[in-house]
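Coordinate analysis (summary)
So the chains spell out like this:
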Amino acid sequence: MIEIHFFPLLTSPMSKMIKTNLGFALACIIICFTMVSSYFNTKKYVEDNRWMAHTLEVRGQIEKLSTFYSIAQNNIRGFHLSEQGYYVELYEEAVRNLRTTIQQLRELVKDNVSQQHNLDQLQGLLDKKIETWKESFEIRKKRGWTAIQQRARGDETKNMDKAIFGAISALMNEENRMLEIRSNQAEFQGDKAQLTNIISGLLACFLIVVAAFLVYRDSQRRRKAEKEIDQFFTLSLDLLCISGMDGYFKRLSPSYAEVLGFSLEELYTKPILEFIHPDDIEKTNQEIARQMQGTKVMSFENRFRCRNGGYRTFSWMSVPVGNLMYAVARDVTRQKEFEKELVETREEAQKATIAKSHFLANMSHEIRTPLNGVVGMTDILARTDLDEDQKKFVAVIRTSSVSLLKIVNEILDFSKIEAGQVFLDKVDFELGHLIEEHISLIGVLAHNKGIKLETAIDPRIPRVLKGDSGKISQILLNFINNAIKFTNHGKIIIAADCVSLTDVHCRIRLEVRDTGIGVTLEQMPFLFKPFVQADSSTARKFGGTGLGLSICKRFVEAMGGEIGVESVFGQSSTFWIVLDLEVSTLKYLNEQSSQPVKAELMENSRDQKERRKNIRILVAEDNRMNQMIIMNMMKILGFTTVLAENGREAMTKFLGSKFDLILMDQHMPEMDGVEASIAIRKSEEGTGNHIPIIAFTATVIQEDQKDQFSKLMDDFILKPVSLEALEATLAKWETKIPCRN
């Protein structure tokens, strides 16, 4: 009876209401339980995420610490290399940032005993390192760059850097450990909250659970997205913003307030254009108009006003979405200042280069003028009647002056290279003739030491090539001179091989092989460095400046080639270069034979004696010593000469008489050689006459002067000049002067 009456009770409307109410009550209890559980799980989840953000902030400070340390190190090196004062300022700023960052780290990790201990160790190491840096300034000032290099190579410096980076790594490793723990906790809390919600949803009414689950899920997603956005805006090192097409900021990262000095509320309530530099408003409006049309902005710069009245330069990237613009900016003010400083530094460097060129020209003139007296008078003295002892004395003077001239030329060449004045002069030349000419010039030196000179020229190499024959000649001459200097017996082979050949290009390898003393493997890296020889004993025994091979290397690099050495210590050496040269369109050159000009002239000197008397040469020279030298040389060579002591007098004598050739000094009072040459060329206009003018100068002719020289003058002689060099130069023009009685 009880069972019969109980079932209808359960199926009655009242029972349904009770069950519904009970179900809703249970659902409410479950929902309340879910809400309470979700609250505590979410609270724990938020707390874990806050600690993760805290850990990320600590890691960022540690990275800054490493960065500022590297900046301090780099500026220390920059100062030691260049001794520029602004490196010291940057170094001091980096040290201040180091100290500030450590204090900030102490505050951030004050609850972490392990990190405090690590910071104590790092603080001690940095204090010691900063003292070491301070000492390096004194060492640099008192003992120079070499002492700094020796100190940098020491184990103490390396061990200290290793310890500091180890301490920084310890800090970072501890934070990474904490980040991993907190990430796992956050993940666990998230999983726990999700599981609780699912279980609670299954126990509640399906519709309520579904609705609650959807609401909860959407709420969680929004909360997570907002949290991520907040973290992104807060932690980003860049300036993030969302602005409207109405010209107002909608959202800004806190970094805007830090950079500009205005509060975020002030930036939100005022139009954007009020903060922009007046000169940049128009182009900013243009960019906004482009974005309103849907165009992305990938690079745009403008200046924003700061609270203190100054301006910061921002570089923008922006993407329009609907009525909003999502943008990221970077403060490039410091970068712009650096760019300006670089431009100013470049201009100063260019001025310094010009000043260096002028100094080079003046120094060349001042050194070569007295050298001209030594070389010239020695040549003249050697032509007089001398006893055997006097001849030996003159020979010593001549050898010494030639050695001094070689040193001066090397130093001047090196100065031009350092000033960036290595220019290529491509001309047609015969490689075989060039090699044979060098053998003829220095063959006597090899013969005196009992050394054989041999050549091996690849027949595949075209007869006429095109390139900078002057620099190739200088390189080859340096190699051969070194081979003779460091070879006591045996032979020297000058070889030229064809590496590859086309119709327009020929790749050649020039070698100078000797049977000399050779060099060790340890010495090879230093051979092509300036002012360095294989070892100090070599410098004492053989002499030299240590510049020759360095200059050769710079010349080869300028020509786009390669240079190297192969050697067996105590047996042999091979110095080589590889160059890409053009194949000339000429098959032959109208040049003199490979025999030295001097020999040919001496053989024909008797036949030319009368001819030379009839050749009148105007010599313009203001220096008394040089006048005596050049006039005596002209007398020995048999030419008829007339002297002018300055450019104005030379012009007057030229107009008043007939001359076949002019030897024109460049530095003279009243009117210099260039001005006089210009006046002579003007006087020849319309006459059809052209008298050869040979520039006689002690100044190295700069590249920018070559065009002017080629228009005014036909040839040049560089002081100091030997009798043979003067005779060889005049011989080229002697045959072009018409015979007359």
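Predicted model only: the values in this text are computed from it and were never measured.

Following the sequence through the fold, Ser318 ends up in strand β4 (residues 311-321). Of the residues examined, Ser318 reaches a relative accessible area of 5% and is grouped as buried. Among the polar contacts listed, one links the side chain of Ser318 to the side chain of Gln291, at a separation of 2.5 Å. With residues near it in sequence (within four places) discarded, Ser318 still touches Gln291, Lys296, Val297, Met325, Tyr326 and Ala327.

Leu431 and Phe479 are the most contacted members of the largest nonpolar core, which totals 40 residues. Where this core is concerned, the elements lending two or more residues are α13 (431-448), α14 (469-485), β9 (491-501), β10 (505-514), α16 (548-558), β11 (562-568) and β12 (572-583). The element that contributes the greatest number of residues to this core is α14, accounting for seven residues. Once residues within four sequence positions are removed from consideration, Leu431 is found in contact with Ile461, Arg463, Leu465, Ala496, Ile508 and Leu510.

To continue, consider the packing of aromatic side chains. The relation between two aromatic rings is expressed through the spacing of the ring centres and the mutual angle of the planes. Per the counting criterion, the structure on display carries 11 aromatic pairs. Consider the rings of Phe304 and Trp316, whose centres lie 5.8 Å apart with planes at 45°: the pair is tilted. Residue Phe304 is found in strand β3 (residues 297-305), and its partner Trp316 is found in strand β4; the two are separated by 12 residues along the sequence. Given a relative accessible area of 2%, Phe304 falls into the buried group. Connected via pairs of aromatic rings, a cluster forms that spans Phe249, Tyr256, Phe304, Phe314 and Trp316. Positioned over the ring face of Phe338 is Arg334, at 4.5 Å from the centre of the ring.

Here we come to the pattern of salt bridges. Inspection of the entire model under this criterion finds 34 salt bridges. The partner of Arg307 in a salt bridge is Glu266, with the nearest N and O atoms 2.3 Å apart. Of this pair, Arg307 sits in the loop between β3 and β4 while Glu266 sits in helix α9 (residues 264-269); the two residues are 41 residues apart in sequence, bridging distant segments of the chain. Under the relative-accessibility criterion, Arg307 is labelled partly exposed at 48%. Exposure remark for Glu266: the relative accessible area of 24% places this residue in the partly exposed category. Salt bridges here are not isolated pairs; linked through shared partners, they connect Arg509, Glu511, Arg513 and Glu566.

The strand order across the open sheet formed by five strands is β2-β1-β5-β4-β3, and the pairing between neighbours is antiparallel. The open sheet has two free edges, formed respectively by β2 (249-252) and β3, since each of these has just one partner strand. Within this sheet the neighbouring strands show an average axis-to-axis angle of 30°, counted without direction. Alignment of strand β1 (residues 239-244) against β2, held across three bridges, turns out to be antiparallel. Its bridge partner being in β2, Ser243 is matched across the sheet by Phe249. Across the sheet, helix α10 (residues 281-292) touches β3, β4 and β5 (324-331), and the angle it forms with β3 is around 140°.

A contiguous patch of negative charge, built from Glu341, Glu344, Glu347 and Glu348, is present on the exposed surface. Along the chain, Glu348 turns up in helix α11 (residues 333-382). Residue class for Glu348 comes out exposed when judged on its relative accessible area of 54%.

When you tally the buried positions in β1, you get six out of six residues, the bulk of the element. Every second residue of β1 is oriented toward a common face, with Leu239, Cys241 and Ser243 on one face and Leu240, Ile242 and Gly244 on the other, all of them buried. Where β1 meets β5, six bridges bridge the pair, whose relative direction is antiparallel. Looking across to β5, one finds that Cys241 is bridged to Ala327. Connecting the antiparallel pair β1 and β2 is a turn made up of four residues, with Gly247 showing a positive phi of about 90°.

Next up on the list: the packing of helix α4 (residues 113-143) against helix α5 (residues 145-153). Where α4 contacts α5, the axes come no closer than 7 Å and their chain directions differ by 145°. Of the residues in α5, those in contact with Thr132, Glu135, Ser136, Ile139, Arg140 and Arg143 of α4 are Trp145, Ala147, Ile148 and Arg151. Its residues placed into classes, the contact of α4 with α5 shows four nonpolar, two polar and four charged.

Let us look at the sheet that holds strand β13 (residues 616-620). One open sheet holds the five strands; their spatial order is β14-β13-β15-β16-β17, and the pairing between them is parallel. Each having just a single partner strand, β14 (640-644) and β17 (715-718) make up the two edges of the open sheet. Across the sheet, the axes of successive neighbouring strands diverge by a mean angle of 20°, strand direction being ignored. In terms of strand pairing, β13 meets β14 through five bridges, oriented parallel. Counterpart to Ala620 in the pairing with β14 is Ala644.

Rules behind the numbers
- Residues numbered from 1 in each chain as written.
- Predicted model: local features only at pLDDT ≥ 70, side-chain atom pairs only at ≥ 80, totals over all residues.
- Heavy atoms only, no water.
- Helix = DSSP H or I, 4+ residues; strand = E, 2+ residues; numbered from the N terminus.
- Buried < 20%, exposed > 50% of the residue type's maximum accessible area, 1.4 Å probe, protein only.
- Polar contact = N/O pair within 3.5 Å; in protein donor to acceptor, adjacent residues only side chain to side chain.
- Contact = heavy atoms within 4.5 Å.
- Core = buried A, V, L, I, M, F, W, Y, C linked by side-chain atoms within 4.5 Å.
- Phe/Tyr/Trp six-rings, centres within 6.5 Å; stacked < 30°, edge-to-face > 60°.
- Lys NZ or Arg CZ within 6 Å of the ring centre and 35° of its normal.
- Salt bridge = Lys/Arg side-chain N within 4 Å of Asp/Glu carboxyl O.
- Pairing = 2+ DSSP bridges.
- Axes fitted to C-alpha atoms, helices over the stretch in contact; angles between N-to-C directions.
- Patch = residues over 30% accessible without salt bridge, like charges linked within 9 Å, V, L, I, M, F, W, Y side chains within 5 Å.
- Areas by Shrake-Rupley, 256 points an atom, 1.4 Å probe, with all protein chains shown as cover.
- Lys, Arg positive; Asp, Glu negative; His and termini not counted.
- Charge placed at Lys NZ, Arg CZ, Asp CG, Glu CD.
- Nonpolar A, V, L, I, M, F, W, Y, C, P; charged D, E, K, R; others polar.

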